[in-house]
Amino acid sequence: MEVEDLLGDILTHLGEVPEPRQWAKIRYPLDEILFLTISAVVSGCSEWDEIADFGEDQIGWLRRHRPFVNGPPSHDTLNRVMSLIDPVAFERMFVRWVTRNIKLPDGTQISIDGKKLRGSATKLEQQTARADGGKSSVHLVEAWCSDLSLCLSIREVEEKTNEIKAIPLILNDLELEGCVVSIDAIGCQKEIAKGIGSKTADYVIGLKDNQPTLLAGVKQAFEDHVDECRDKQYAQDTSVDHGRIEERICRTLSAERLPEWVAREDWTGLNTIIQVQSERTIMANGTVSQETRYYISSLRLSADRIASYVRGHWGIENQLHYMLDVFWGEDGSRKRSACAAANFGTVLRIAHNLVKTHPENISIKRKRKKADRSDQYREQILRLQT
């Protein structure tokens with residue numbers, strides 16, 4: 001199946017989101033509001049007043065797909081309703097829609113990482129204690145598949161440290177048999193490794209000071225057995241990008257090389273420990289920086305293959321988070337009322353999946369401009385049955 005065929009008609013799923021309002025007071029059905037919002041965002045809109053303007057300008061087209069008996073809602077109505085929707089229910093609808101036709105091949109990498117919506121709380125709110133009315137920015141944890149260019153799951157958490165609670169929920173959302181799950185060091189937890197193993201999947205997980213005993217053991221193992229890291233246990237590569245030259249050396253050892261004082265059996269499926277040394281040179285001024293990172297993995301593969309998964313994890317930053325900020329304006333969004341920020345984050349990921357997987361090989365910016373000009377092109381992106 002082609003990637004663009006994986007996503008079905010989003011309209012058929014919008015009715016799954018529970019209505020948060022009293023039925024007697026509803027003038028604009030929830031599925032109409034969500035359809036309008038997604039269509040407008042795909043077509044280049046980002047603010048509530050822009051979405052309302054799109055509704056007025058495109059009411060004839062909108063009525064081809066939904067009644068809109070009372071016309072398009074105002075920007076105030078859009079803001080109020082989107083802030084009332086249960087974000088968990090909206091996230092679950094998103095997961096059902098995006099995964100319904102997917103069977104991931106063995107070896108497919110699924111990257112899990114968090115993203116802060118910086119504009120969802122003011123600086124004053126973030127610096128004020130909770131007891132005094134302060135609040136933190138909305139933080140979303142996501143699963144990304146670079147092979148399909150799809151965000152597969154999303155969960156809202158209150159703080160970055162709560163990613164640990166969200167990751168098992170995301171794992172439960174997905175069919176992961178045969179896949180490789182990559183997570184940064186915050187997900188280096190025994191229960192998370194166990195959860196990945198229970199899904200018959202493998203993992204590559206970053207290792208830092210949050211697991212001091214394991215980290216010390218891994219460092220000791222490489223000090224004692226680094227001479228063993230040759231042939232398939234050693235890989236080196238160089239990349240030149242954005243005015244930087246980066247040289248990377250990846251070494252791997254069997255987890256059996258860990259010191260006896262490390263309780264290796266506590267880490268489900270642990271087979272390989274990994275060291276990645278990188279040296280980065282800024283071409284403009286010759287500045288050189290060096291870094292050594294460590295990982296653990298259930299894989300039994302060559303260093304070259306494992307290094308590809310380590311590098312591949314950053315696809316979630318480059319292909320999702322960066323795109324959301326640069327092309328969709330998420331980091332600059334000031335939606336702050338109730339659950340509006342989290343729910344609009346889900347809308348953006350729906351839109352990103354739809355636009356990114358549209359088969360025409362042009363930029364996201366050009367696709368959105370074409371969707372704004374052409375009803376037919378917009379319907380193609382939205383996978384609407386016409």
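Predicted model, so just to flag it, every value in this text is computed and none were measured. (Residues numbered from 1 in each chain as written. Predicted model: local features only at pLDDT ≥ 70, side-chain atom pairs only at ≥ 80, totals over all residues. Heavy atoms only, no water.)

A. Summary view of the sheet that holds strand β8 (residues 272-282). The nine strands are arranged β3-β2-β1-β4-β5-β9-β8-β7-β6 in an open sheet whose pairing can be described as mixed. In this open sheet, the two edge strands, each paired with only one partner strand, are β3 (150-157) and β6 (234-241). On average, adjacent strands in this sheet sit at an angle of 20° to one another, irrespective of strand direction. The sheet contact formed by strand β1 (residues 109-117) and strand β4 (residues 180-183) spans four bridges and is parallel. Within β4, the residue paired with S111 across the bridge is S182. (Pairing = 2+ DSSP bridges. Helix = DSSP H or I, 4+ residues; strand = E, 2+ residues; numbered from the N terminus. Axes fitted to C-alpha atoms, helices over the stretch in contact; angles between N-to-C directions.)

B. Structural context of the pairing of β1. Summarising burial for β1: eight of the nine residues are buried, a large majority. Note: β1 against strand β2 (residues 138-145), seven bridges, orientation antiparallel. What sits directly across from L117, in β2, is V138. (Buried < 20%, exposed > 50% of the residue type's maximum accessible area, 1.4 Å probe, protein only.)

C. Local environment of helix α14 (residues 364-373). Among all positions of α14, only I364, K367, R368 and A371 are buried. For α14, the arc enclosing every buried residue in end-on projection is 100°, short of the 170-degree limit, so these residues lie on one face. Across α14 from its buried face, at more than 90 degrees, point the exposed residues K365 and R373. In the core, the buried residues of α14 are packed alongside α2 (30-42), α12 (315-326), α13 (340-356) and α15 (375-381). (Arc of directions from axis to C-beta. Contact = heavy atoms within 4.5 Å.)

D. Examining the pattern of salt bridges more closely. In the structure shown here, the tally under the stated rule is 19 salt bridges. A salt bridge links E228 to R257; the shortest N-O distance between them is 2.8 Å. With a gap of 29 residues between them, E228 in the loop between α10 (212-225) and β6 and R257 in the loop between β7 (244-254) and β8 connect regions that are remote in the sequence. Here E330 ties to R349 by a salt bridge, and the two come within 2.8 Å at their closest N and O atoms. With E330 in the loop between α12 and α13 and R349 in helix α13, this pair connects stretches of sequence that are 19 residues apart. (Salt bridge = Lys/Arg side-chain N within 4 Å of Asp/Glu carboxyl O.)

E. Structural context of the packing of helix α6 (residues 87-99) against α13. The contact between α6 and α13 brings their axes to 9 Å, and the two run at 10°. Considering their axes alone, α6 and α13 lie roughly parallel with respect to each other. As for how α6 packs across α13, the hand of that crossing is left-handed. When α6 is examined against α13, the residues P87, F90, E91, M93, F94, W97 and V98 are found in contact with a partner set consisting of A342, N343, T346, V347, R349, I350, N353 and L354. Across the contact of α6 with α13, the residue classes tally to ten nonpolar, three polar and two charged. (Parallel < 35°, antiparallel > 145°, perpendicular 65-115°, else oblique. Left-handed = near helix turned anticlockwise from the far one by under 90°. Nonpolar A, V, L, I, M, F, W, Y, C, P; charged D, E, K, R; others polar.)

F. Highlighting the packing of aromatic side chains. Under the definition given, this model contains four aromatic pairs. Ring geometry for W48 against F344: centres 5.4 Å apart, planes inclined by 75°, an arrangement best described as edge-to-face. Separated by 296 residues along the polypeptide, W48 in helix α3 (residues 48-57) and F344 in helix α13 bring together distant segments of the chain. In this structure, W48 and F344 share a single accessibility class: buried. Between F222 and Y294, the ring centres sit 6.2 Å apart and the planes meet at 45°, which makes this aromatic pair tilted. (Phe/Tyr/Trp six-rings, centres within 6.5 Å; stacked < 30°, edge-to-face > 60°.)

G. Local environment of the side chain of N271. Within the secondary structure, N271 sits in the loop between β7 and β8. From its side chain, N271 meets the backbone oxygen of S298 in a polar contact 2.7 Å long. Among residues more than four places away in sequence, those in contact with N271 are L253, S254, A255, S297, S298, L299 and R300. (Polar contact = N/O pair within 3.5 Å; in protein donor to acceptor, adjacent residues only side chain to side chain.)

H. Molecular detail of the pairing of β6. Across eight bridges, the pairing between β6 and β7 is antiparallel. Considered in β7, the bridge of S239 is made with E246. Where β6 hands over to β7, the hairpin turn is made up of two residues, of which H242 adopts a positive phi near 50°.

I. Expanded view of the environment of K232. Relative to the assigned elements, K232 resides in the loop between α10 and β6. Sequence separation between K232 and R305 is 73 residues, and the spatial gap between their C-alpha atoms is 9.3 Å. Leave out the neighbours within four places in its chain, and K232 touches T252, S302 and A303.

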